[in-house]
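Below are the chains, spelled out letter by letter.
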Amino acid sequence: MISGIYKITNVETHRFYIGSSKNIDGRWVEHRRNLNDGCHVNQKLQNAWNLYGEGKFRFDVIELVDLGQ
């Protein structure tokens, strides 16, 4: 599992969402599922996703975190 901080960027507007997770890959899957289902907790991100579509968003890992497992 990859843990760390990530960024979801709207490539049209350059606005972004920053998050962190103990499982970055799984979290991105969860974000996309919620956004595609129209039920993401962040309404601004949801509105942008609805307006611009999934293809206008980029997911980047900003920093990896070693949880010392």
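## Here's the deal with the side chain of Thr9
Item 1. Residue position: Thr9 is located in strand β1 (residues 4-10).
Item 2. Given the relative accessible area of 6%, Thr9 is considered buried.
Item 3. Residue contacts for Thr9: discarding those within four places in its chain leaves His14, Arg15, Phe16, Lys56, Phe57 and Arg58.

## Points about the packing of aromatic side chains
Item 1. A complete count under the given rule lists 4 aromatic pairs for this structure.
Item 2. Joined through ring pairs, the aromatic side chains of Tyr6, Trp28, Trp49, Phe57 and Phe59 make up one cluster.
Item 3. One cation-aromatic arrangement involves Lys7 over Phe16; the distance from NZ or CZ to the ring centre is 4.5 Å.

## Topic: the pairing of strand β2 (residues 16-21)
Item 1. The alternating pattern of β2 places Tyr17, Gly19 and Ser21 on a buried face, while none of Phe16, Ile18 and Ser20, on the opposite face, is buried.
Item 2. Two strands pair when backbone bridges link them, and β1 and β2 are joined in this way by 6 bridges, in the antiparallel orientation. Note that in β2 the partner of Thr9 across the bridge is Phe16.
Item 3. What sits between the antiparallel neighbours β1 and β2 is a turn of 5 residues, in which His14 has the positive phi angle 65°.

## Some remarks on the pattern of salt bridges
Item 1. Overall, the coordinates contain 4 salt bridges when judged by the stated rule.
Item 2. Residues Glu54 and Arg32 are paired through a salt bridge, measuring 3.5 Å at the closest nitrogen-oxygen approach. Remark: Arg32 occurs in helix α1 (residues 24-37) and Glu54 occurs in the loop between α2 (43-52) and β3 (57-64); sequence separation between them is 22 residues.
Item 3. Linking Arg58 and Asp60 is a salt bridge whose minimum nitrogen-to-oxygen distance equals 2.6 Å.
Item 4. A residue is classified by how much of its surface remains accessible, and Arg58, at 41% relative accessible area, is partly exposed.
Item 5. Residue class for Asp60 comes out partly exposed when judged on its relative accessible area of 26%.

Scoring rules and cut-offs
- Residues numbered from 1 in each chain as written.
- Predicted model: local features only at pLDDT ≥ 70, side-chain atom pairs only at ≥ 80, totals over all residues.
- Heavy atoms only, no water.
- Helix = DSSP H or I, 4+ residues; strand = E, 2+ residues; numbered from the N terminus.
- Buried < 20%, exposed > 50% of the residue type's maximum accessible area, 1.4 Å probe, protein only.
- Contact = heavy atoms within 4.5 Å.
- Phe/Tyr/Trp six-rings, centres within 6.5 Å; stacked < 30°, edge-to-face > 60°.
- Lys NZ or Arg CZ within 6 Å of the ring centre and 35° of its normal.
- Pairing = 2+ DSSP bridges.
- Salt bridge = Lys/Arg side-chain N within 4 Å of Asp/Glu carboxyl O.

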